Amino acid sequence: TLDALARAVPAPFDSDKIIRAATVREALRTARALQHVGLICVTGSLYLIGEAQSILRDEERRTLPGR
């Protein structure tokens, strides 16, 4: 669960910087809004990575000219 993951964060880390998202789409949207260097790293299960790739591909198709 999200709470269990939050508890697993090492103590020196500022837990106020943890941002939770209910879905992969919401997490990607939030990461884009917060990014400072143009790189977003997605980690997790193969299912989660596959879902993120699918969302990103669909968004790319919608934004590219001629598609």
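The structure this text deals with has already been given above.
Just checking my understanding: could you explain the overall build of the chain for this structure?
Within the chain, the regular secondary structure consists of three helices and zero strands. Reading the secondary structure of the chain in the N-to-C direction produces α-α-α. Against the globule reference of 11 Å for 67 residues, the chain gives a C-alpha radius of gyration of 14 Å, more extended than a compact globule. Burial analysis of the chain (67 residues in total) assigns 9% to the buried set. As presented, the chain carries roughly 5700 Å² of accessible surface, and 57% of it is formed by carbon and sulfur atoms. Of note, the chain has its 10 positive side-chain charges centred 5 Å away from the centre of its 8 negative side-chain charges.

What exactly am I supposed to notice about the pattern of salt bridges here?
Under the criterion given, the structure shown has three salt bridges. When the shortest N-O distance is used, the salt bridge between Arg61 and Asp58 registers 2.8 Å. Residue Arg61 and its partner Asp58 are located together in helix α3 (residues 46-63), separated by three residues, close to a single helical turn. We classify Arg61 as partly exposed; its relative accessible area is 40%. Residues joined in a network through salt bridges with shared partners are Arg25, Arg32 and Glu59.

Thresholds applied
- Along each chain, the written sequence defines residue order, and numbers are assigned to residues from 1.
- This being a predicted model, a pLDDT of at least 70 is required before a residue's local features are given, and a value of 80 or more before pairs of side-chain atoms are given or counted; all residues contribute to the totals for chains, interfaces and linings.
- The basis for every side-chain value is the complete set of heavy atoms in the structure, and neither hydrogens nor water enter the calculation.
- The helix count covers DSSP runs of H or I at least four residues long, the strand count covers runs of E at least two residues long, and both are numbered beginning at the N terminus.
- Note on method: radius of gyration uses C-alpha positions; expected globular size equals 2.2 Å times residues raised to 0.38.
- Working definition: with a 1.4 Å probe on protein chains only, accessible area under 20% of the residue-type maximum means buried, over 50% means exposed, and in between means partly exposed.
- Computed with the Shrake-Rupley method and a 1.4 Å probe, the accessible areas treat only the protein chains shown as cover for residues.
- Here Asp and Glu are counted as negative and Lys and Arg as positive; His is not counted, and neither are the chain ends.
- Charge placement uses NZ in Lys and CZ in Arg. For Asp and Glu, CG and CD serve respectively.
- Each salt bridge in this description consists of a side-chain nitrogen of Lys or Arg and a carboxyl oxygen of Asp or Glu lying within 4 Å of one another.

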